[in-house]
Structure formats: structure tokens, C-alpha cells
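One-letter residues, chain by chain:
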Amino acid sequence: RLAKDIKNEEFRDQIYYAMAEIALEQGDKAEAIALYKKSLSYNVNNKQQKAESYLAIADLYYEVDNYVPAQLYFDSTFQVMAKNDDRYARVQNLSKNLADIAKNIVIIHEFDSLLELGTMSESELKKLAYDKLKEQEEAKRAAATSGAVAPNSNSPAITTTRVGALQDESTF
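Because the structure is predicted, anything quoted here is derived from the model rather than measured.

### So, helix α4 (residues 67-80)
The terminal C-alpha atoms of α4 lie 20 Å apart, and with 14 residues this matches the ideal 20 Å at 1.5 Å per residue to within 8%. Within α4 the residues assigned to the buried category are Val 68, Pro 69, Ala 70, Gln 71, Tyr 73, Phe 74, Thr 77 and Val 80. Residues of α4 that are buried in the fold lie against α2 (29-42), α3 (47-63) and α5 (88-118).

### Side note on the packing of aromatic side chains
Within this structure, the stated rule accounts for 7 aromatic pairs. With a centroid separation of 5.9 Å and an interplanar angle of 80°, the aromatic rings of Tyr 62 and Phe 74 are classed as edge-to-face. Of this pair, Tyr 62 sits in helix α3 while Phe 74 sits in helix α4; the two residues are 12 residues apart in sequence, bridging distant segments of the chain. On the basis of relative accessibility, which here comes to 32%, the residue Tyr 62 falls in the partly exposed class. Its relative accessible area of 0% is what places Phe 74 among the buried residues. In textbook terms, an aromatic cluster arises when at least three aromatic residues are bridged by ring pairs, as seen for Tyr 54, Tyr 61 and Tyr 73.

### Digging into the pattern of salt bridges
Applying the stated criterion to the full structure yields 6 salt bridges. Across the pair Asp 85 and Arg 87 runs a salt bridge, and its minimum N-O distance is 2.9 Å. A relative accessible area of 22% means that Asp 85 is categorised as partly exposed. Since its relative accessible area comes to 28%, Arg 87 is described here as partly exposed.

### Let's talk about a nonpolar patch on the surface
A contiguous nonpolar surface patch, about 300 Å² in accessible area, is contributed by Ile 107, Phe 111 and Leu 114. Along the chain, Phe 111 turns up in helix α5. Taking the relative accessible area as the measure of exposure, Phe 111 reaches 53% and is therefore exposed.

### A few points about the confidence of the model for the chain
A residue-level look at the chain finds 80% of positions with pLDDT of 70 or above and a mean pLDDT of 80. Here α5 stands out as the element of the chain with the lowest mean pLDDT, 84, in contrast to α3, whose mean of 94 is the highest. Note on residues 149-172: pLDDT is under 50 here. Beyond four places in sequence and across chains, it has 51 contacts.

Rules behind the numbers
Residues numbered from 1 in each chain as written. Predicted model: local features only at pLDDT ≥ 70, side-chain atom pairs only at ≥ 80, totals over all residues. Heavy atoms only, no water. Helix = DSSP H or I, 4+ residues; strand = E, 2+ residues; numbered from the N terminus. Expected span 1.5 Å × (residues − 1). Buried < 20%, exposed > 50% of the residue type's maximum accessible area, 1.4 Å probe, protein only. Contact = heavy atoms within 4.5 Å. Phe/Tyr/Trp six-rings, centres within 6.5 Å; stacked < 30°, edge-to-face > 60°. Salt bridge = Lys/Arg side-chain N within 4 Å of Asp/Glu carboxyl O. Patch = residues over 30% accessible without salt bridge, like charges linked within 9 Å, V, L, I, M, F, W, Y side chains within 5 Å. Areas by Shrake-Rupley, 256 points an atom, 1.4 Å probe, with all protein chains shown as cover. pLDDT = per-residue confidence, 0-100.

Right, dumping it as C-alpha cells:
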């Protein structure tokens, strides 16, 4: 309610961050991540707040060994965090050390997907192609309706419920 009040517009990033912290205290990590991301989306020029949100998300992904998004968020944190912040060296090291690991994980997922595609029949491949095309069209339609940009269908899934061509993306 506070976040939607027009007089609090310039504080929305901080409100969503506080809501994320509450969700985290209640053990709802997926909701916390969603709220941290909302905090980032409403952040205009508050680099310190942006660094806090990025770092919180990075740490949550890192805790569960989800290194691809963890690396991306550590890198984003590193880009906006003040150099005199006590956590700067840790963030820099994690961003740098996870870069190769994340790159290799993405390569493994791509190869696994290709291997799974190779085992599929022609009719299964056609159905998969049709389903993916339908997903892309629905995303474009939803983005056009909301005025947002459609997600890039060529980007790798950040988290998956299973490895392979039929990956299901989730937020956590």
C-alpha cells in the first residue's frame, strides 16, 4: 500500500527493499527475490540502495549454488558498489571467480539441450518448435499489451527445474 501511494514514489525502491527483507525473515526467499527485483526496477539514482538489492539477490542465489544468476548479480553489485564499502573486495572476488563457473554451466546446459534434442523424434521436435514459437508470440503479445519489452528468447534460462531442451525457467 505504501509503495503505491504517489507521495512515496521516490521511496519505492526502499519500500520494496524493506518488504523483501520481511519476506526473507519469514523464510520466503522466492518472494524476497521478486521484491528485491522490484526495488531495483523503481530505483532511479540511489546507487547504495541498488547495490544492496543486487547484493541481496546475489547472496540468495549463491546460497543455493545457483551460480549463473549469482555471478550476474555479483557483477552488477560490483559495478555500482562504492569502492570504500567493506564488502567490495568480497563482491569483486565472487564476481570474478564465478565468471568461468557460470560460463561453463551455461555451456553444459546448452550441450545437454542439444543432446536431448538429438534423441527426440521428428514429431517431438516439431511439437517443441511449435510450443516455443507459441511461447514467444504470447510473450510479445503480453509485452505489447503492458508496454514492456518481451524477454529475449535466445538468452539461457537462469534456473531450471531440469536440464535439457524442455527447460522450465523459475525465479528461484
